[in-house]
Amino acid sequence: MSKQYNLELEIQDIVLTDIAVNDPQALKQEITLELNRLFQQEGIPNRLTQATHRPLVKGGPMETVQSPSVQQLGTDIAQAIYRGLGK
């Protein structure tokens, strides 16, 4: 039987360099959807299975297509966040 965790993730700011966002609310929704998918399919990164507070998570460089859709950008950002949570 796998252990169940209660995860609360609060993201206050996301810093994007050289990317214009026309609809921040839609982007937030896409990031949330992709993070939920990642946590359900990939699980919680081992580093987060202990009580912890991380004031800063660096996702690192992110590659995306030129002029990405909000959905694509949200997916790319969420995947970078997820990677950063595991470091």
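Refer to the structure presented above.
Residues numbered from 1 in each chain as written. Predicted model: local features only at pLDDT ≥ 70, side-chain atom pairs only at ≥ 80, totals over all residues. Heavy atoms only, no water.

**Looking at the nonpolar core**
In terms of nonpolar packing, the biggest core is built from twelve residues, these being Leu27, Ile31, Leu35, Leu38, Phe39, Leu48, Leu73, Ile77, Ala78, Ile81, Tyr82 and Leu85. The set of elements that each furnish at least two residues to this core consists of α1 (24-42) and α2 (70-85). With six residues, the single largest contributor to this core is α2. Those residues in contact with Ile31, other than ones at most four positions away along the chain, are Ile14, Gly74, Ile77, Ala78 and Ile81. (Core = buried A, V, L, I, M, F, W, Y, C linked by side-chain atoms within 4.5 Å. Buried < 20%, exposed > 50% of the residue type's maximum accessible area, 1.4 Å probe, protein only. Helix = DSSP H or I, 4+ residues; strand = E, 2+ residues; numbered from the N terminus. Contact = heavy atoms within 4.5 Å.)

**A short note on the side chain of Asp76**
Along the chain, Asp76 falls in helix α2. Although buried, Asp76 forms no salt bridge, and the nearest oppositely charged side chain, Arg83, lies 7.6 Å from it. A polar atom in the side chain of Asp76 sits 2.8 Å from the side chain of Gln72. Residues contacting Asp76, with those up to four places away along its chain left out, are Met62, Glu63 and Thr64. (Lys, Arg positive; Asp, Glu negative; His and termini not counted. Salt bridge = Lys/Arg side-chain N within 4 Å of Asp/Glu carboxyl O. Polar contact = N/O pair within 3.5 Å; in protein donor to acceptor, adjacent residues only side chain to side chain.)

**As for the packing of aromatic side chains**
Under the counting rule described, the total for this entry stands at one aromatic pair. Summarising the aromatic geometry, the rings of Phe39 and Tyr82 are spaced 5.4 Å apart at their centres and angled 70 degrees between planes, so their arrangement reads as edge-to-face. Linking Phe39 in helix α1 with Tyr82 in helix α2, this pair joins segments that are 43 residues apart in sequence. Each member of the pair, Phe39 as well as Tyr82, is classed as buried. (Phe/Tyr/Trp six-rings, centres within 6.5 Å; stacked < 30°, edge-to-face > 60°.)

**Points about a nonpolar patch on the surface**
On the surface, a nonpolar cluster with roughly 290 Å² of combined accessible area is contributed by Leu7, Leu9, Ile11 and Ile14. Of note, Leu7 is situated in the segment before α1. (Patch = residues over 30% accessible without salt bridge, like charges linked within 9 Å, V, L, I, M, F, W, Y side chains within 5 Å. Areas by Shrake-Rupley, 256 points an atom, 1.4 Å probe, with all protein chains shown as cover.)

**As for the pattern of salt bridges**
Taken as a whole and assessed by the stated rule, the structure comprises one salt bridge. Of the charged contacts in the structure, one is a salt bridge between Arg37 and Glu34, with a shortest N-O distance of 2.7 Å. Pair noted here: Arg37 and Glu34 are both in helix α1, with a separation of three residues, about one helical turn. Residue classification places Glu34 among the buried positions, given a relative accessible area of 9%.

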